[in-house]
Structure formats: C-alpha cells, structure tokens
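As a plain string of letters, each chain reads:
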Amino acid sequence: GDGTGSSIVVASVGWIARTFPEAPITITRRQADGTTEPRPFNHEFLKLMRKPNEFYSGNLLWTATINDFFVFGNAYWLKIRSRSGRVVQLWYVPQNLMTPEIDETGKKFVAAYKYDHGGDQGPVYLPPSEVVHFRWGMDPKDMRRGISPLASLIREIYTDEEAASFSATILTNMGVPGVIIAPENEDATMEEGDNEFIRTVFMNRFSNENRGMPMVLNSPAKITTLSFSPDQLNLTMLRRIPEERITAVIGVPAIVVGLGAGLEHGSMANFREARAQAYESVIIPTQRLFASELTLQLLQDFESNDNDEVTFDTTKVRALLEDANKVFVRANLAVTNGWITVSEARSMVNMQSDKEHDVYLRKQFTSTTIPGGTPNDDTATKPNSGTPGPSSPDGSTPSSPSPVGNN
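Criteria and cut-off values
Residues numbered from 1 in each chain as written. Predicted model: local features only at pLDDT ≥ 70, side-chain atom pairs only at ≥ 80, totals over all residues. Heavy atoms only, no water. Helix = DSSP H or I, 4+ residues; strand = E, 2+ residues; numbered from the N terminus. Buried < 20%, exposed > 50% of the residue type's maximum accessible area, 1.4 Å probe, protein only. Contact = heavy atoms within 4.5 Å. Areas by Shrake-Rupley, 256 points an atom, 1.4 Å probe, with all protein chains shown as cover. Phe/Tyr/Trp six-rings, centres within 6.5 Å; stacked < 30°, edge-to-face > 60°. Lys NZ or Arg CZ within 6 Å of the ring centre and 35° of its normal. Salt bridge = Lys/Arg side-chain N within 4 Å of Asp/Glu carboxyl O. Expected span 1.5 Å × (residues − 1). Pairing = 2+ DSSP bridges. Axes fitted to C-alpha atoms, helices over the stretch in contact; angles between N-to-C directions. 1 Å grid on protein atoms, 1.4 Å probe; cavity = no way out; pocket = protein on both sides within 12 Å on 5 of 7 lines; lining within 4 Å. Points joined across faces, edges and corners; volume = space filled by probe spheres on them. Nonpolar A, V, L, I, M, F, W, Y, C, P; charged D, E, K, R; others polar.

Caption draft 1: Representation of the overall build of the protein chain. Each helix and strand counted, the protein chain has eleven helices and eleven strands in total. Taking all 407 residues of the protein chain together, the buried fraction comes to 32%. In the protein chain, once contacts between residues fewer than 6 apart in sequence are set aside, the share between residues at least 24 apart is 59%. Of the roughly 26200 Å² of accessible surface on the protein chain, 53% is carried by carbon and sulfur atoms.

Caption draft 2: How the structure looks around the packing of aromatic side chains. Taken as a whole, this structure holds 17 aromatic pairs when the rule is applied. Aromatic side chains Phe20 and Trp62 sit 5.0 Å apart centroid to centroid with 45° between the ring planes, which places their arrangement in the tilted category. You can see Phe20 sitting in the loop between helix H1 (7-19) and strand E1 (25-30) and its partner Trp62 sitting in helix H3 (residues 58-72), a full 42 residues away along the chain. By relative accessible area, which is 0% here, Phe20 ends up buried. The interplanar angle of 50° and the centroid separation of 4.5 Å between the aromatic rings of Phe134 and Phe290 together place this pair among those described as tilted. One end of the pair, Phe134, is in strand E8 (residues 131-135); the other, Phe290, is in helix H9 (residues 268-297), with 156 residues separating them in the sequence. Grouping residues by exposure puts Phe134 and Phe290 together as buried. One aromatic cluster is present, formed by Phe20, Trp62, Phe69, Phe70, Trp77, Phe134, Trp136, Phe290 and Phe312 through successive ring pairs. Note that Arg50 overlies the ring of Phe41, its terminal NZ or CZ placed 3.8 Å from the centroid.

Caption draft 3: Focus on the pattern of salt bridges. Scanning the model with the defined rule gives ten salt bridges in all. Between Lys47 and Glu44 there is a salt bridge; the shortest N-O distance is 3.5 Å. Of this pair, Lys47 and Glu44 both sit in helix H2 (residues 44-50), three residues apart, which is roughly one turn of the helix. Judged by relative accessible area, which is 38%, Lys47 ranks as partly exposed. The partly exposed category is assigned to Glu44, whose relative accessible area is 37%. Glu130 is the salt-bridge partner of Arg81, the closest N and O atoms lying 2.8 Å from each other. Here the residue Arg81 occupies a position in strand E3 (residues 74-81), and Glu130 occupies one in the loop between strand E7 (124-126) and E8, the gap between them amounting to 49 residues. A cluster of three or more residues bridged by salt bridges with shared partners is formed by Lys79, Arg81, Glu130 and Asp301.

Caption draft 4: Structural view of H3. Over its 15 residues, H3 extends 21 Å from the first C-alpha to the last, a length consistent with the 21 Å expected when each residue adds 1.5 Å. Just downstream of H3, Gly73 is the residue with a positive phi angle, here 85°.

Caption draft 5: How the structure looks around the sheet that holds strand E2 (residues 36-38). Strand order in the open sheet formed by three strands is E2-E1-E11, with antiparallel pairing between adjacent strands. Each edge of the sheet is formed by a strand with only one pairing partner; in this case those strands are E2 and strand E11 (308-312). Averaged over neighbouring strand pairs, the angle between their axes works out to 40° when direction is ignored. The pairing of E1 with E2 spans three bridges and is antiparallel. Its bridge partner lying in E2, Thr28 is registered against Pro38.

Caption draft 6: How the structure looks around the layout of surface pockets. Within this model, the largest pocket holds a volume of roughly 1200 Å³. In terms of lining, the largest pocket is formed by 40 residues, of which the most central are Thr26, Thr28, Thr36, Thr311 and Asp313. Of all elements in the fold, only E1, E2, H2, H3, H9, E11 and helix H11 (342-348) reach the threshold of two or more residues within the lining of the largest pocket. Of the residues belonging to the lining of the largest pocket, the class tally is 17 nonpolar, 16 polar and seven charged.

Functional significance is not addressed by these values, which are geometric in nature.
This is the structure we're talking about:
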C-alpha cells in the first residue's frame, strides 16, 4: 500500500496535523529599518485562511494538507475566484486527482495542472495561477512533483504490518501456529480422503469461535502441537525497528506519539524536551516551507507589496513557552544591567516600542572610600558621640580612633 494503513505512520502524521494549527498564520511587513510589523487581523488573506469555504474550517484544510504532504510528498489547494477575479474560496484537492503537466515547448516549468475530478466531461486543465502546490523537495524523476518521504520506508512499514498480521493469526489459532495429526502406530497409514476429512474436522472444531471444543477420533492418533513459548511469541523488538525508522524519517520522536520505542526509557521531562524538539525540527521548518509557498502562490492575489510575507506566530505555542521565558530573562538581564536599550529588549520579545523606549537603564552606585588597614568595626567610622567607651588598661577612657587607623 501507500503507508496510510500503518499505525506508526498515522500516529506520526496525525500528531503533526493536530499540532500544526497551534501557531496561527499571520502576515508581516518588513520596514526599511529591518523590523517587521504585523498586518491587521481582518486582512482578506487571513480571513480566507480561517474560513477557506463554507463547508470546513482552515484547521481542517491544514489537516488534510499535512496528511498528503507527509505521506505522498504533494498537496494541492484549488482557488475559486469571484467574477471580479478575487480569490474567495480555497478547496483541498486529493493528491491523486491533480497532476502537473509539462509544457511541450519547454518554455514553462509547469504548463497546467490536470484536475481529474471524475466528471463526465473528463479532466480539467487549470493554469498554475489557480492551484497552490506544496512539494516535499523535488522528485528527481519529475521535478514538477515532490517526493514521498515514505518511499524509503516501504520495507519497514511492510515488516510492521506483517508482524501485526502474524500476531493476529497466532491469537486466532489459540496461540499456536499449527498441529500435526498422525496415527499413533508408526506402521499405520491413512488414506488421502481420511487425511482431508480429519484436517477439515479439526479446523472446524478448533478455529475461530469453536476454539477449545472437544474432538473424538475413531482410531488412535498422535497430535503434536507446534507451540511457541511466550518469549518466542513476543515480537516487541521486531516491531521496534520500524517504529524507530519511520519516526526518524518523518522527524517526530517516538515518545511524542506514544510508541513503545520511545516510552521504554521515557519520562515526563524527556517528553517535554522531545515535544519541543519535534516542534523545532518538524513543525517550524514545515511552517516556514508552507509560508514561503503561500507568499509566492497565494498572497500575491491579495497584496502587491513585495515586503509582505506569510509567517506563523509561534510566540504562544506551549511547547516553546519555556524558551520564550528564557528570552524574557535574558532580555531583562541585559536591559537592567545597561547593555542594551529598553527598545532593543522589547524587540527581543516581539513587543512594539516607541521613541521613549530608546533609553538605557543604568544603576547608580555610591561608594565610601576607607583607607587600607582600617579595622572592620562599626566604631572605626563613627565619630565620638560622648558615650563612654571601653576603659584602657590604665582605667582611663580612650579617645575615638583616628580615621586613618592606629599607628
């Protein structure tokens, strides 16, 4: 198959599909000084991404797109325009219904997209401007298409599914792979018809819902069970290899999706670290790739400013909040010690700043100079207050010590 029947693939891709919409899509405009400014929340592009059509939400659109992207290497959206030419709807198109077509003259990288929707009129050929195409890299055999990341995992997926089928078959057959029925007397033989009759009766009595039923034979027979020990029936290690390799290729640690290969030595601390790692190594790079394609293939239908680009706001993602806290601590430490301005500190945590924030915060310290050799005593720096002090050896009261100490 294509891998979609594998529980490992479904668990890994499903985690990505559920997690991906956690960071909302935004538009930023780069200013002349290099800073970025977010575009309004009610921007037409952002409104369309939240509600691509009247039948499903933007999150559902992303879920279907992520599945096709990670399993097949290609994902497609179809643009629907109003009479004035404005894009008013977006529709998910299954990857098996859309094919980029080559230009016979060789002047265009993609001449059209063949949309085989199954209608009576046959396939429709759409201009590239009417399709949003997300690719996982480029297929060397056809650079107009992406390449499936699961292509190198077919053997691992097959191994895991065969191990699952083997376990199910063994359990269906009372936990044993089979038996041998033979005459008790080594010199005796059975007719071919008797062999088939005994085999059929035995299977009917001991398989499926009749497991455990008694059986009576007309002649003495010896039944040898080809049984496995519990250790031999344990396929855990055999199934760990596909788990490790499939999750490694997709990029999601096994512990994050709850697979045994990751849970064996996992803990809550490891889980939090693994989840942050999965977000940084899978979700964020995928968002960056999708954002660049949306800027190129869709945002241009709404904006003419080349400084506008699609981004994903990850500042409130729970898996990354710990790192955000560290940024706040670092910014606060730098600004309170006078290394950077308040404006620079605010920009580190994605906060807007005005001219009044373009200042340094410097602590003012006061110091008292005390010459060397002064005793470390409070009375050494206090003037004589007239209060009787300790008596000298001769019984008189000594005067206050000199600020420069005793010679």
